[in-house]
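Residue-level structural notes
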Amino acid sequence: MFEMLKARFFQGYRTGKFPPAAPNLPDHFCGRPQVEAHADIEAARALCPTHAWCEKAGAPAIDTGKCIFCGKCAACGVTFTREYRMAAMTREKLFADASPYTPEEQLDRGIRKMCGHSLKIRQVSAGGCAACELDFNVLNTLAWDMGRFGIQAVASPRHADAILVTGPVSRNMLLALKKTYEAMPKPCWVIASGACAVSGGIYAESPDVAGPVDKILPVDLYVPGCPPHPAVLLEALLRFIGRM
Ligand code: SF4
Ligand code: SF4
């Protein structure tokens with residue numbers, strides 16, 4: 001018993017300080033891209049495996065909902081910043097051009113009023129490679145401990161405020177996803193997490209894909225990444241419920 005207490009004492013407090021401190025991101029972390037003035041757009045377009053290049057107000061931009069953050073276009077004049085606040089409540093807000101990003105405010109007071117102190121999430125894995133689910137699970141660990149903000153994963157959709165979908169929604173998962181949504185008490189919210197859920201990602205052109213999620217359900221929060229880093233996802237969830 002004494003040994004256990006001693007070990008616990010020396011371990012100290014292991015949960016990260018984010019927030020309020022900035023998250024501890026790895027050196028290789030690729031945050032929100034920024035298209036530089038000298039960027040070779042045609043070369044970058046040709047390299048991009050997910051056709052993530054688009055236009056924003058007539059200027060070239062990267063659709064971070066499609067981007068898998070492979071970093072290939074860095075050689076063509078795209079800078080990957082350390083900006084981890086990348087989630088958005090509208091699809092267009094995910095388009096990254098040359099301008100720095102300003103995280104949008106949580107405008108829906110209804111969400112804050114209903115979920116400001118607690119958000120129960122039912123996670124649905126709708127295809128994909130499972131890395132997005134793993135990084136959501138990481139938020140439950142000691143290092144991130146999302147439970148301290150009242151955010152919890154629940155086993156039943158009947159107990160959930162929100163559904164967090166990962167994967168491109170394979171045809172095999174279409175019915176299960178719809179049934180899960182129908183089983184949730186309303187109002188409820190839909191979170192698309194990861195490039196696959198937001199846009200189809202690397203599976204977008206597969207005939208076995210019925211998604212992306214917003215083709216099937218009304219999405220309230222889009223979280224880019226492949227997979228989204230836990231800091232990206234936690235910041236998104238906290239901002240969504242008005243706690244950032
Ligand atoms: S980092 Fe994104 S935009 Fe650049 S090549 Fe990879 S997928 Fe395409
Ligand atoms: S977005 Fe990337 S990490 Fe997530 S399921 Fe799709 S391929 Fe896997």
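Residues numbered from 1 in each chain as written. Chains lettered and ligands numbered in written order. Predicted model: local features only at pLDDT ≥ 70, side-chain atom pairs only at ≥ 80, totals over all residues.

Some thoughts on the site of ligand 1
Taken together, 13 residues surround ligand 1, and among them Cys-48, Ala-52, Cys-67, Cys-70 and Cys-73 come closest. Taken together, the residues that form the shell around ligand 1 break down as 10 nonpolar, 2 polar and 1 charged. (Near = placed C-beta within 6 Å. Nonpolar A, V, L, I, M, F, W, Y, C, P; charged D, E, K, R; others polar.)

Thoughts on unusual backbone geometry
Residues Gly-211 and Pro-212 are joined by a peptide bond in cis, for which omega reads 15 degrees. Examined against the element boundaries, Pro-212 turns out to sit in the loop between helix H6 (195-199) and strand S10 (221-223). That bond from Cys-226 to Pro-227 is cis: its omega, -5 degrees, falls within 30 degrees of zero. Tracing the chain through its elements places Pro-227 in the loop between S10 and helix H7 (230-240). (Helix = DSSP H or I, 4+ residues; strand = E, 2+ residues; numbered from the N terminus.)

Concerning the pairing of strand S9 (residues 189-193)
With 5 of 5 residues buried, S9 is to be regarded as a mostly interior element. The side-chain alternation of S9 yields two buried faces, one formed by Trp-189, Ile-191 and Ser-193 and the other by Val-190 and Ala-192. Pairing between strand S8 (residues 162-166) and S9: 4 bridges, direction parallel. By the bridge assignment, Leu-164 is partnered in S9 with Ile-191. Since S8 and S9 lie parallel, the crossover through helix H5 (residues 171-183) that links them has a hand, and here it is right-handed. Pairing geometry for S9 and S10, over 3 bridges, is parallel. In the strand pairing of S10, Ile-191 is matched with Leu-221. (Buried ≥ 20, exposed ≤ 12 C-beta atoms within 10 Å, placed from the backbone. Pairing = 2+ DSSP bridges. Right-handed = clockwise from strand over helix to strand, strands pointing away.)

Section: the domain arrangement of the protein chain
Assigned domains within the protein chain: domain 1 (33-83) and domain 2 (109-240). Placing the centre of domain 1 and that of domain 2 at their C-alpha centroids yields a distance of 25 Å. Facing 8 residues of domain 1, the contacting portion of domain 2 comprises 10 residues. Looking at side-chain class alone, the side of domain 1 that touches domain 2 contains 4 nonpolar, 3 polar and 1 charged residues. (Domains from an automatic or database assignment. Contact = placed C-beta atoms within 7 Å.)

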